[in-house]
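# Residue-level structure breakdown
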Amino acid sequence: MSTEEKSAAPRSLAEALRVRDDVSLAALLRSRPDLITPVPTDLTQLATRAGTRASVVRALERLDRFALQTAEALAVAPDPASYGELLALMGGDEQDPAVAAALPRAAALLREQALVWGADDRLRLVRTARELLAPSPQHPSPTGLGPTVREATAGMSPGRIQDILAAVGLPSTHDAVSAVSALGGLFADRRRMAALLAELPGESRQVLDRLVWGPPYGQVTHDPAAHLRALLDRGLLLPTAPGTVVLPREVALHLRAGRAHRAPEPVPPPVEAAATHRPQVVDATAAGQALAALATVDELLKEWDEGGPTVLRAGGLSVRDLKRTAVALDVPEPVAAFWVELAYGAGLIASDGEADERYAATPAYDEWRELPPAERWARLAGTWLTATRTPGVVGGRDAKDRTLSALGPNLDRSAAPEVRHRVLALLAGLPEGASPVEESVLGRLRWERPLRGPQQQRETGTGAVRDDDLRSRIARWTLSQAELLGVTGRGALAAPGRALIGAPEAPRRAAAQDTEAPEGPGDRLPVHHHRTPPVTAPPTPAERAAATATAARLLAPLFPEPLDHVLLQADLTAVAPGPLVRGLADVLGVLADVESKGGATVYRFTPGSVRRALDAGQSAADLHAFLARHSRTPVPQPLTYLIDDVARRHGRLRVGAASAYVRCDDDATLDEILADKRAAGLGLRRLAPTVLAAQADPAALLDGLRAIGFAPAAESAAGDVLIARADSHRTPPRAAPEPVPDGPPAPDDTLLTAAIRAVRAGDLASTAPRKPGPAGEDSGGEGGGGEGGTPGGPLPRTGAAETLATMQAAVLTGEALWIGYVNAEGAASQRVIAPIRVEGGFVTAYDHTADEVRTYPLHRVTGVAELADDAG
């Protein structure tokens, strides 16, 4: 490198950022949005923020496996390292061609994200990343490498180092530094190291083989065996503490044939197809699942129409209420938790906020029911895709060892939306109609995001992933929930699901219209993606709305037309051969109980269900007319008799509020009640021939009489029969829960443009050269940059009189000035201004930093300095 090139090489990350163009800075800020919150004042502050521990950890967590392996290799390489040294560490002596082909992309990614800076001959990992990834006795490197010879021999006596030199056949030196350098040079020489290792006994080689891939530390006794002594004498194992030895990095690299990693992974693992189906079969299956999903959510909301389970003191559903909900929906408890959380996330259920707090349907539920089925599904699916609440963790324990309950706090997992979207995107990358091998999906996700934080990474290493990895669990839940919701069918992504994530529609193959593809495992179809997904801004609300609208449009033709009839049978059942129109389904849901669900729903008529319809205000004549109008078969005689029998008895007894009372025109009926031992607990006594008083409240009295076998009706204070409506209880208007963001939001193009402009202007202010003061020092005072220096440090300091005089002179000459300014909130900044007018204690100037005319109070200007004549 020439002298001019050396002088032009960046000496810091700030200087490296300063030579970037706006496109490169935008890519950095887009990939690391925490750097723009708030917008840094200049590039020096941007570089400082990019090197903080929290920001570096966040950036490392978002690297794919090969990029992370590259960063880990740089952490054990010399600082700085050349690209050739990095390639040797990644590809080894054999120079794996796949590694050589992928390394430029990984290095460019690290440089783009400001984790690496410098030219190819002087690559530097930012200091914080090196501290996180470099080996130490407390935290071994993910590569399994230990300290260098120089690091391991620090503190070792010079005599001991000279003994090691003699043992390996090197001449003695006059100082420890040259001795360590000679020993390191020997260990780095392949030919001489091979000869040295050939002299060792087999047991010594076995010890080295056990340590070579890490961890590099071992334990020895105060009197080690001969094969260990041979290693210690030659410096192939070096003591780090009493009883502890380490394998030097240079020795390990020789034994590894120069590789920093046992298994570099330059190419992402393919997502494999387990089976393929016709796209039409996939879409039809998904549509059936979508209809079942709507029916399940509807059934859940009807269960909670009159007030659902009580809210726990800490929030959420109790275990018992979740079990009851699961029984009512006829699903396992984890699936019930999913449906409950989905309805809650869509804003269909919430707490009513009353003293006896309960969950109930919200007014939004009534609006949702009025939508067409495809739009109702699209709203549920869109909610699921973007929700951070994760029902899969229900039943687990939080950080304070408390049980996580459905609808309770602490269920948000900020990574969930990204993982769901990525899983569906991987399915979209498969051939149309192909369902994936689950483990291949998980393996791909682990490659794309292997690091879950420095602590876990140090515990497991780069290649090892714990079974309880949260992203893997979310991915598994995504695959099962997508099938439940109808986003996938038979495991393959359906057309509405493809539209939901904004993926382009797959072209339909002509042959697929007539022939069925094999539906067994068959040949697995690997799909290779040699690029990690680009960092893009998340979809805007308008884009999400357009995607859900497209999904609804594609799903609507797949739904069967709702039916306006049922088939009545003599065994007091009705069969609905498909989905029913809204009015018919509502009335039939009150008049009969659902006995079984599936392609056809079976309803059963019972005395209780008929009484429920009569309680809702229907008469026997209304029910007969309704069944005759909507049945394709004659109304069976047993059903007619059942309705007439229940109606004849319904309302003969009247229950009202006294504490409660019972009245009946037939005093014989009241005699029968008083004589029944089962009514003893109601505290009944006769007030008149047709009136009984009770100690129980009206609701308990109604339930008690119905349990005995009577069919009483509730009565109002005016003596009228109260009509019980199923949808009588609603919460006040509630907003759906907002997703918890995973860090700062990604900036849009407008914000990026404005931020880069502000950073450039601030950097101009902080680096503009200024004239030296009268005494040969910078007029900026303490921390100045000297002659031709830059005001990158403290703000300029001048007296009020000097500040005013300099401002007035600049108005006359039109020169630009560098000023320090403190705003009303106490935040200090540096600005380059061209004063236009000075009056009334204010200066009006063109602010080059903000690129606009502004007015500043002079008392907030800390000082002023003139810019050098050649300032840009």
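Residues numbered from 1 in each chain as written. Predicted model: local features only at pLDDT ≥ 70, side-chain atom pairs only at ≥ 80, totals over all residues. Heavy atoms only, no water.

## What about the overall build of the chain?
- On a plain count of helices and strands, the chain comes out with 35 helices and 26 strands.
- Across the 872 residues in the chain, those meeting the buried criterion constitute 47%.
- Of the contacts formed within the chain by residues at least 6 apart in sequence, a portion of 67% connects residues at least 24 apart.
- A total of about 40500 Å² of accessible surface is found on the chain, and carbon and sulfur atoms cover 54% of it. (Helix = DSSP H or I, 4+ residues; strand = E, 2+ residues; numbered from the N terminus. Buried < 20%, exposed > 50% of the residue type's maximum accessible area, 1.4 Å probe, protein only. Contact = heavy atoms within 4.5 Å. Areas by Shrake-Rupley, 256 points an atom, 1.4 Å probe, with all protein chains shown as cover.)

## Things to note about helix 29 (residues 607-615)
- What helix 29 keeps buried is the set S609, V610, R611, A613, L614 and D615.
- Contacts made by the buried residues of helix 29 are with helix 28 (582-591), strand 15 (593-596), strand 16 (601-604), helix 30 (620-630), helix 31 (637-649) and helix 33 (698-708).
- Directly after helix 29, the chain includes G617, whose backbone phi takes a positive value near 105°.

## Digging into the sheet that holds strand 15
- Taking strand neighbours across the sheet as the criterion, the four strands line up as 13-14-16-15 in an open arrangement whose pairing is antiparallel. The open sheet has two free edges, formed respectively by strand 13 (567-569) and strand 15, since each of these has just one partner strand. Going across the sheet, the axis of each strand differs from the next one's by a mean of 30°, ignoring polarity.
- Here four bridges tie strand 14 (residues 573-576) to strand 16, and the two strands are oriented antiparallel to one another. (Pairing = 2+ DSSP bridges. Axes fitted to C-alpha atoms, helices over the stretch in contact; angles between N-to-C directions.)

## Examining the nonpolar core
- The biggest cluster of nonpolar side chains holds 91 residues, and the ones touching the most others in it are F187, L236 and L237.
- No other element matches the eight residues that helix 6 (residues 65-76) contributes to this core.
- When sequence neighbours within four positions are dropped, the list of residues in contact with L237 reads V207, L208, L211, L228, L231, L232, V245, V246, L247 and P248.
- In terms of nonpolar packing, the next biggest core, distinct from the first, is built from 73 residues, A290, L301, W477 and L554 among them. (Core = buried A, V, L, I, M, F, W, Y, C linked by side-chain atoms within 4.5 Å.)

## Focus: the packing of helix 21 (residues 373-386) against helix 25 (residues 470-485)
- Direction vectors running N to C along helix 21 and helix 25 enclose 170°, while the axes themselves pass 11 Å from each other. One finds that helix 21 runs roughly antiparallel with respect to helix 25. Side by side, helix 21 and helix 25 meet where W377, L380, A381 and W384 of the first sit next to T478, Q481, A482 and L485 of the second.
- Looking at side-chain class alone, the contact of helix 21 with helix 25 contains six nonpolar, two polar and no charged residues. (Parallel < 35°, antiparallel > 145°, perpendicular 65-115°, else oblique. Nonpolar A, V, L, I, M, F, W, Y, C, P; charged D, E, K, R; others polar.)

## Overview of the packing of aromatic side chains
- Under the counting rule described, the total for this entry stands at four aromatic pairs.
- The residue whose ring lies beneath R376 is W368, and the NZ or CZ to ring-centre distance is 5.3 Å. (Phe/Tyr/Trp six-rings, centres within 6.5 Å; stacked < 30°, edge-to-face > 60°. Lys NZ or Arg CZ within 6 Å of the ring centre and 35° of its normal.)

## Quick notes on the sheet that holds strand 5 (residues 244-246)
- An order of 3-5-4 is seen for the three strands of this open sheet, with the pairing classed as antiparallel. On the outer flanks of this sheet lie strand 3 (217-219) and strand 4 (238-241), each paired with one strand and no other. Averaged over all adjacent pairs, the angle separating strand axes in this sheet is 40°, with direction ignored.
- For strand 3 and strand 5, the ladder comprises three bridges, and the chain directions are antiparallel. Note that in strand 5 the partner of G218 across the bridge is V245.

## Regarding the pairing of strand 23 (residues 828-839)
- Here strand 22 (residues 817-822) pairs with strand 23 via six bridges, running antiparallel. Looking at strand 23, one finds that Y821 is bridged to S829.

## A word on unusual backbone geometry
- In this model, T37 is joined to P38 through a cis peptide bond whose omega is -10°.
- Here the residue pair D79 and P80 is connected by a cis peptide bond, since its omega of 0° sits within 30 degrees of zero.
- As for its placement among the helices and strands, P80 is situated in the loop between helix 6 and helix 7 (83-91).
- At L572, a residue that is not glycine, the phi angle is positive and equals roughly 65°.
- Relative to the helices and strands, L572 is located in the loop between strand 13 and strand 14.

## With respect to helix 11 (residues 158-167)
- Among the residues of helix 11, I161, I164 and L165 are the ones counted as buried. Along the long axis of helix 11, the arc covered by the buried residues comes to 100°, so they all point the same way.
- Residues of helix 11 that are buried sit in contact with helix 12 (176-188), helix 15 (226-233) and strand 4.
- Just beyond helix 11, the residue with positive phi is G169, at close to 85°. (Arc of directions from axis to C-beta.)

## Some thoughts on the confidence of the model for the chain
- Per-residue pLDDT for the chain averages 83, and the proportion of residues at 70 or more is 87%.
- Put simply, helix 24 (residues 454-460) is where the chain has its lowest mean pLDDT, 39, and strand 11 (residues 492-493) is where it has its highest, 96. (pLDDT = per-residue confidence, 0-100.)

## Topic: empty space enclosed by the protein
- Enumeration over the complete set of coordinates arrives at five cavities of 30 Å³ or more.
- Volume-wise, the largest cavity comes out at about 90 Å³.
- F338, E341, L342, G345, T383, W384, A387, R389, P391 and R420 are the residues that line the largest cavity.
- Broken down by secondary-structure element, the contributors of at least two residues to the lining of the largest cavity are helix 19 (333-345) and helix 21.
- Counting residues per element, the lining of the largest cavity draws most heavily on helix 19, which supplies four residues.
- Partitioned by chemical class, the residues of the lining of the largest cavity number five nonpolar, two polar and three charged. (1 Å grid on protein atoms, 1.4 Å probe; cavity = no way out; pocket = protein on both sides within 12 Å on 5 of 7 lines; lining within 4 Å. Points joined across faces, edges and corners; volume = space filled by probe spheres on them.)

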